[in-house]
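Observations on chain architecture
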Amino acid sequence: MEFDTIAAISTPMGEGAIAIVRLTGDEALSIIDKIYKGPSGKKLSEAASHTIHYGHLVDPKTEKIIEEVMVSVMRAPKTFTREDVVEINCHGGLVSVKKVLNLVLANGARLADPGEFTKRAFLNGRIDLSQAEAVMDLIRAKTDRAMNVALNQMEGRLSKLIQRLRQEILETLAHVEVNIDYPEYDDVEEMTHHMLIEKATFVRNELQKLLQTAEQGKILREGISTVIVGRPNVGKSSLLNSFVQENKAIVTDIPGTTRDVIEEYVNVRGVPLRLVDTAGIRETEDIVERIGVEKSRAVLKEADLILLVLNYAEELSAEDENIFAAARGMDVIVIVNKTDLPQKIDLNRVKELAGSAPVVTTSLLEDRGVDELEEAISALFFAGELEASDLTYVSNTRHIALITQALNTIDDAITAIENGVPVDLVQIDLTRSWELLGEIIGDTVSESLIDQLFSQFCLGK
Ligand code: GDP
Ligand code: ZN
């Protein structure tokens, strides 16, 4: 395939010590030759692959020095895109990196579209679609666990599993063909019927297992949207601060995407909590009081997790009970705070109201009970047993939708076989599920979908 040469800033915008402008394409080396001057005067197009060179960038028009740089030269095909790649390491800071980018663009490169580097890698057969999507997840990973999931996917773990299942389906289809071609052999039909159910059931069970990881996978990927509720003065802000201080809140600002917003994440034992702005307030003071139980229910429903804070040193109030009512049926952790003060709250009543939700007592003032709270949060979402490293997770919404569809189609096939529907009709369902799974790795996807997917990527990746 032939593509033009593209360039983009491939490090996050902002005040990094170093920034990288990356080029890929056939012209990458000839473009750098036009603007690079090294101490030895040697051209970089003659440099060995995977070497790095100190020098200056000089504007060929004005002959003025633009930047002091280190330039990496990587020749096709052993690069991320399988094309010639040049990486210009320059001083961090927006001004200098933009100057370098402009110089590169003025000398023959085109500004890359969002995700275009990864798209090249995909189009040049370096990675499949699910791996390309993993690159994106990796960039956005909020915790080590999320990073592991993305890394596994990038290494092709999900792809391999999907390929294996597609192979199973293909073999099953081959047997159906045999049956259609030789219908006169009774025993073949018998065998086919039996084998069809067996193989289809195997594929179905594998898909089901995969979907069971979807919830956790999605949580790891997107974070748990979390709301802290409670009456004024119970300690909501203190709780937020405690999380933020102990767990290093990760403020993400993803440039070049439509989600150009600042979100706050805290990492609680590998569980990324996304502290969301619910109705404009991250911790909700008197939401129930203000808008009533029913309306606040609707608001709270948006959240995955509700941290409901009570005051140990005060009696339960009608407002507390209303907050419980508003949070009923959702994932709740009850936090009874201010245990350093004399007890006034009726803990038995709290447990009654909490039902199956865990109740944790804390003194945020004295930093007590925070471990137990973190334990409760991680237990709620990992049930203590799942580790990203020993599971193939599926976390991507597009993948989840395709696997669900494939699963339904296989289910249809199994029902059809059991009802004695002619095998050639079963074939249609099986073929469809094979296609659906192919879309995950990009085998049967349309070009417009590919464009759409890659446009969601960060610029320069
Ligand atoms: P919010 O209104 O629910 O956000 O509550 P804040 O976090 O602002 O806390 C209200 C007051 O309670 C502040 O003065 C905190 O210092 C204090 N506070 C928070 N946690 C504790 C605690 O565990 N024990 C005691 N004694 N005071 C606390
Ligand atoms: Zn507050």
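Residues numbered from 1 in each chain as written. Chains lettered and ligands numbered in written order. Predicted model: local features only at pLDDT ≥ 70, side-chain atom pairs only at ≥ 80, totals over all residues. Heavy atoms only, no water.

Going by the annotation in an unreviewed UniProt entry, the name recorded for the chain is tRNA modification GTPase MnmE, with Peribacillus faecalis given as the source organism. According to the UniProt record, the Subunit (unreviewed entry) comment for the chain reads "Homodimer. Heterotetramer of two MnmE and two MnmG subunits." Under Subcellular location (unreviewed entry), UniProt gives the following word-for-word description of the chain: "Cytoplasm". (UniProt positions renumbered as here; feature names shortened; annotations may be inferred.)

Re the overall build of the chain
When you go through the chain residue by residue, the secondary structure sums to 16 helices and 15 strands. Buried positions account for 51% of the 461 residues belonging to the chain. Pairs at least 24 residues apart make up 70% of the contacts formed inside the chain by residues separated by at least 6 positions. Only carbon and sulfur atoms are counted for the fraction: they give 50% of the accessible area of the chain, which is about 21900 Å². (Helix = DSSP H or I, 4+ residues; strand = E, 2+ residues; numbered from the N terminus. Buried < 20%, exposed > 50% of the residue type's maximum accessible area, 1.4 Å probe, protein only. Contact = heavy atoms within 4.5 Å. Areas by Shrake-Rupley, 256 points an atom, 1.4 Å probe, with all protein chains shown as cover.)

Focus: the site of ligand 1
Taken together, 17 residues form the shell around ligand 1, and within it Asn 233, Lys 236, Ser 237, Ser 238 and Asp 340 come nearest. Lys 338 places a side-chain nitrogen or oxygen 3.0 Å from an oxygen atom of ligand 1. In the model, an oxygen atom of ligand 1 is placed 2.9 Å from a nitrogen or oxygen of the Leu 364 main chain. A total of 580 Å² of accessible area belongs to ligand 1 in isolation, and the protein chains cover 74% of it. Take the shell around ligand 1: its biggest share by element is 3 residues, from helix H9 (residues 236-247). Counted by class, the shell around ligand 1 contains 5 nonpolar, 6 polar and 6 charged residues. (Near = heavy atom within 4 Å. Polar contact = N/O pair within 3.5 Å; in protein donor to acceptor, adjacent residues only side chain to side chain. Nonpolar A, V, L, I, M, F, W, Y, C, P; charged D, E, K, R; others polar.)

Thoughts on the sheet that holds strand S6 (residues 85-91)
In space, the 7 strands of this open sheet follow the order S3-S4-S5-S6-S2-S1-S7, with mixed pairing throughout. In this open sheet, the two edge strands, each paired with only one partner strand, are strand S3 (36-37) and strand S7 (110-111). By the bridge criterion, 2 bridges tie S3 to strand S4 (residues 51-58) in an arrangement that is antiparallel. Its bridge partner being in S4, Tyr 36 is matched across the sheet by Leu 57. Along the sheet, helix H3 (residues 116-123) makes contact with strand S1 (6-9), strand S2 (18-24) and S7, crossing S1 at roughly 135°. (Pairing = 2+ DSSP bridges. Axes fitted to C-alpha atoms, helices over the stretch in contact; angles between N-to-C directions.)

Brief notes about the UniProt feature "binding site: (6S)-5-formyl-5,6,7,8-tetrahydrofolate" (unreviewed entry) in the chain
Annotation from UniProt places "binding site: (6S)-5-formyl-5,6,7,8-tetrahydrofolate" (unreviewed entry) at Arg 22, Glu 87, Arg 126 and Lys 461. By the element assignment, Arg 22 lies in strand S2. Since its relative accessible area comes to 17%, Arg 22 is described here as buried. Assignment of secondary structure puts Arg 126 in the loop between H3 and helix H4 (129-140). Taking the relative accessible area as the measure of exposure, Arg 126 reaches 36% and is therefore partly exposed. Filtering out sequence-adjacent residues up to four positions away, Arg 126 remains in contact with Thr 79, Phe 80, Arg 82 and Ala 121. One polar contact links the side chain of Arg 126 to the main-chain carbonyl oxygen of Thr 79, over a distance of 3.2 Å.

Considerations on the side chain of Asp 59
Mapped onto the fold, Asp 59 is located in the loop between S4 and strand S5 (65-74). For the buried Asp 59, no salt bridge is present, and the opposite-charge side chain at shortest range is Lys 61, 5.5 Å distant. Within the local environment of Asp 59, its side chain forms a polar contact with the backbone nitrogen of Lys 61, the two atoms lying 2.9 Å apart. When sequence neighbours within four positions are dropped, the list of residues in contact with Asp 59 reads Lys 64, Ile 66 and Leu 103. (Lys, Arg positive; Asp, Glu negative; His and termini not counted. Salt bridge = Lys/Arg side-chain N within 4 Å of Asp/Glu carboxyl O.)

Thoughts on the packing of aromatic side chains
Tallied over the entire structure, the rule returns 0 aromatic pairs. When the ring centre of Phe 117 is taken as reference, the NZ or CZ atom of Arg 22 above it lies at 5.2 Å. Positioned over the ring face of Trp 434 is Arg 166, at 4.0 Å from the centre of the ring. (Phe/Tyr/Trp six-rings, centres within 6.5 Å; stacked < 30°, edge-to-face > 60°. Lys NZ or Arg CZ within 6 Å of the ring centre and 35° of its normal.)

Some words on the nonpolar core
Ranked by size, the top nonpolar core spans 33 residues in total, and within it Leu 207, Leu 430, Leu 437 and Ile 440 carry the most contacts. Put simply, the parts of the chain that give this core at least two residues each are helix H6 (157-181), helix H7 (186-212), helix H14 (397-418) and helix H15 (423-441). With 10 residues, H14 is the single largest residue contributor to this core. Residues within four places of Ile 440 in sequence aside, it is in contact with Leu 129, Ser 130, Glu 133, Leu 158, Ile 162, Arg 398, His 399, Leu 402 and Ile 403. (Core = buried A, V, L, I, M, F, W, Y, C linked by side-chain atoms within 4.5 Å.)

What about the packing of H14 against H15?
Across the interface, H14 lies against H15 with an axial gap of 9 Å and an inter-helix angle of 165°. With respect to their mutual orientation, H14 and H15 come out roughly antiparallel. Taken as a pair, H14 and H15 cross one another with a handedness that is left-handed. For the pair formed by H14 and H15, the contact residues are Arg 398, His 399, Leu 402, Ile 403, Gln 405, Ala 406, Thr 409, Ile 410, Asp 412, Ala 413, Ala 416 and Ile 417 on the first element and Val 426, Asp 429, Leu 430, Arg 432, Ser 433, Leu 436, Leu 437, Glu 439 and Ile 440 on the second. Across the contact of H14 with H15, the residue classes tally to 12 nonpolar, 4 polar and 5 charged. (Parallel < 35°, antiparallel > 145°, perpendicular 65-115°, else oblique. Left-handed = near helix turned anticlockwise from the far one by under 90°.)

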